[in-house]
Amino acid sequence: MISSAQGITRKQKPKKPSKFSYTEMKIPLLAGFFVFLHFQIPLKLYSKVIYVSLNSVHNLPIVGFYFFTTFTPQNANTELMNLHEYQGKSILKQFGIPIQEGLVANTVDEAVNAAKELQKQTGTQVWVVKAQIHAGGRGKAGGVKVATSLDALKEKATAILGMNLVSRQTGPQGKIVHKILIAQDVYYPGATKTAEFYLSVMLNRQKGRNMIVYSPAGGMEIEEVAEKTPELIYKEEIDPKVGFQAFQARKIAFNFGLSGEAFKNMVKFVTGVYKAYEAADASMIEINPVLKATDEKIIAVDCKMILDGNALFRHPDYAAMRDVTEEDPIEVEAADNKLNFVKLDGNVGCMVNGAGLAMATMDIIKLAGGNPANFLDVGGTANAERVEKAFRIILSEPGVKAILVNIFGGIVRCDRVAQGIVDAYKNIGEIKVPIIVRLQGTNAVEAKKLIEDSGLKVFSVILLQEAADMVTKVLKTA
């Protein structure tokens, strides 16, 4: 999928730096910071922009492209909420948009019953078994199969349910398939040939306008189209003063090469999709493929929809669609405890208050030869209970070799954080991972005394550079 205008016509692949240095780091850091300011990326996600750039890219356009496509956010809080295909289609259907009908199933028996029910409703003799996960590229990964009989459907449902599906968008770790969609066959014979298109609606943050991205080369990975044939990707920006206009819908249908009844149906389809995008407070709607059937109908065969979590209070029915099994369980737990947490691939756990200090802490860890294992901001109102929970979340990662606590007591009191560290030691038991603590600001003296009187084995530092040196030291002995 494409979620950033910057990646649409980009052909060049990122080059990895041969050797890390501070000079190399400054470029992507500045680029990432510019992305944050310019595109107003939610602060919680900024760390992923930065550390993708640290390890892979050196110029701004690719930072934007690779952040939005490789790290499609699956946040445990309410910034963005991904929907399954069947959920996105149900919303499209509310706006009168023709969809490939289907029924969801959690077991093989439910899949067989769904196929029988779908046959009654639509008359279909062929079924499509689709894995339901929050990622694209399911077809190439073996997550979409066609069944021409109930026995074949049972066999394919058995194979897909419970499989670990690995695609370009899941990453190498893949995703476990917990549910499947049994869908009707819409590629039926008829008077004309079928055609597949790509259509998506999203916000162009650079221009502050909604944008429709579309291509006549649908049914395949749009990233591949962008790389090999960028001239086949079109953009249509919507002026917020006047909204989506009828001539724009006709222009899209024309660029798809349609005529007659199919042209009229596509105009209605595109208009309906944009209406759904606005009314549902969506962050993105992507349909790939949009099918022109043999009878000139325009049908949404697939749907990826991401909702703006900040608007979910207006849509309690959509909020109920959240599937936490598709989210990182650690990030879900962190959000439930009001911790701003993003999991990263590193060996040094971070506990910091304030996003800016958190970024500086992650930078100093990188300079010290380590890699941040997480972005964790306990917030300005952290108490002992929340600090203890933060410790438990950090320690749940087996790759963590050290923990750096860096607290500036402005709003939050250092003694509260210190008490949380003490409580964590007492309640969790022996913590074998070395802990480096830097507490400065309000009640820092009381905090230092609390830790010293507790008898805990922690490394106390004052300066940020001292913290970096201590990280280097403990990693060598870890």
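To be clear, the structure that these remarks concern was listed above.
Here's a quick rundown of the structure. Note that this is a predicted model, so its numbers are computed, not measured.

**Describing the overall build of the protein chain**
Inference 1: Scanning the protein chain for helices and strands turns up 16 helices and 19 strands.
Inference 2: A burial count over the protein chain gives 54% of its 478 residues as buried.

**Things to note about the pattern of salt bridges**
Side-chain pairs of opposite charge can arise whenever the charged atoms involved come near each other.
Inference 1: Counting across every chain of the model gives 21 salt bridges.
Inference 2: With a closest N to O distance of 2.9 Å, Lys130 and Glu85 form a salt bridge. Remark: Glu85 occurs in helix 4 (residues 85–94) and Lys130 occurs in strand 3 (residues 127–131); sequence separation between them is 45 residues. You'll find Lys130 and Glu85 in the same group, each marked buried.
Inference 3: Between Asp239 and Lys241 there is a salt bridge, with its nearest N and O atoms 3.3 Å apart.
Inference 4: In the salt-bridge network here, residues are joined through shared partners; they are Glu85, Lys89, Lys130, Arg138 and Asp302.

**What to know about helix 15 (residues 444–454)**
Inference 1: What helix 15 keeps buried is the set Ala444, Ala447 and Ile451. Here the buried residues of helix 15 occupy an arc of 60° about the axis, which is enough to place them on one side. Within helix 15, the exposed residues directed more than 90 degrees away from the buried face are Val445, Lys449, Glu452 and Asp453.
Inference 2: Residues of helix 15 that are buried in the fold lie against helix 14 (414–428) and strand 18 (435–441).
Inference 3: Following helix 15 by one or two positions, Gly455 adopts a phi angle in the positive range, close to 75°.

**Topic: the environment of Val112**
Inference 1: Looking at where Val112 falls in the secondary structure, it is placed in helix 5 (residues 108–122).
Inference 2: Owing to a relative accessible area of 15%, Val112 belongs among the buried residues under this scheme.
Inference 3: In contact with Val112, other than residues within four places in its own chain, are Leu150, Leu153 and Lys154.

**Observations concerning the side chain of Asn406**
Inference 1: In this structure, Asn406 sits in strand 17 (residues 402–409).
Inference 2: At a separation of 2.9 Å, a polar atom in the side chain of Asn406 contacts the side chain of Thr361.
Inference 3: A distance of 2.8 Å separates the side chain of Asn406 from the side chain of Arg438, its partner in a polar contact.
Inference 4: In contact with Asn406, other than residues within four places in its own chain, are Met351, Val352, Asn353, Leu357, Thr361, Arg438 and Leu464.

**A few points about the nonpolar core**
Considering soluble globular proteins, one finds that nonpolar side chains tend to be buried as a cluster.
Inference 1: In terms of nonpolar packing, the biggest core is built from 41 residues, with Leu92, Ile212, Met266, Phe269, Ile285, Met305 and Leu307 touching the most fellow members.
Inference 2: Of all the secondary structure elements, the ones that give two or more residues to this core are helix 4, strand 8 (195–204), strand 9 (209–215), helix 8 (246–255), helix 9 (260–279), strand 11 (282–292), strand 12 (298–300) and strand 13 (304–308).
Inference 3: Take this core: its biggest share by element is 10 residues, from helix 9.
Inference 4: In this structure, Met305 is in contact with Met81, Asn82, Leu83, Gly88, Ile91, Leu92, Ala282, Met284 and Ile285, ignoring residues within four places of it in sequence.
Inference 5: Ile330, Ala373, Ile393 and Val458 belong to the second-largest nonpolar core, a separate cluster that totals 33 residues.

**Thoughts on the packing of helix 8 against helix 9**
Inference 1: With their axes 8 Å apart at the nearest point, helix 8 and helix 9 run at an angle of 125° to one another. Compared by their axis directions, helix 8 and helix 9 come out oblique. As helix 8 runs across helix 9, the sense of the crossing is right-handed. Residue-level inspection shows Ala249, Arg250, Ile252, Ala253 and Phe254 of helix 8 in contact with helix 9, the latter providing Phe263, Met266, Val267, Val270 and Thr271.
Inference 2: Tallied by class, residues from the contact of helix 8 with helix 9 come to eight nonpolar, one polar and one charged.

**Quick word on helix 6 (residues 150–160)**
Inference 1: Among all positions of helix 6, only Ala152, Leu153, Ala157 and Ile160 are buried. One side of helix 6 carries all its buried residues, which in axial view fall inside an arc of 130°. Residues Asp151, Glu155 and Ala159 are exposed on helix 6 and point more than 90 degrees away from its buried face.
Inference 2: Of the residues trailing helix 6, Gly162 is marked for its positive phi of about 85°.

**Describing the environment of Phe197**
Inference 1: Tracing the backbone shows Phe197 in strand 8.
Inference 2: The exposure class of Phe197 is buried, given its relative accessible area of 3%.
Inference 3: The sequence separation of Phe197 and Tyr214 amounts to 17 residues, and the corresponding C-alpha distance is 7.5 Å.

Reading the values: rules and limits
- Residues numbered from 1 in each chain as written.
- Predicted model: local features only at pLDDT ≥ 70, side-chain atom pairs only at ≥ 80, totals over all residues.
- Heavy atoms only, no water.
- Helix = DSSP H or I, 4+ residues; strand = E, 2+ residues; numbered from the N terminus.
- Buried < 20%, exposed > 50% of the residue type's maximum accessible area, 1.4 Å probe, protein only.
- Salt bridge = Lys/Arg side-chain N within 4 Å of Asp/Glu carboxyl O.
- Arc of directions from axis to C-beta.
- Contact = heavy atoms within 4.5 Å.
- Polar contact = N/O pair within 3.5 Å; in protein donor to acceptor, adjacent residues only side chain to side chain.
- Core = buried A, V, L, I, M, F, W, Y, C linked by side-chain atoms within 4.5 Å.
- Axes fitted to C-alpha atoms, helices over the stretch in contact; angles between N-to-C directions.
- Parallel < 35°, antiparallel > 145°, perpendicular 65-115°, else oblique.
- Left-handed = near helix turned anticlockwise from the far one by under 90°.
- Nonpolar A, V, L, I, M, F, W, Y, C, P; charged D, E, K, R; others polar.

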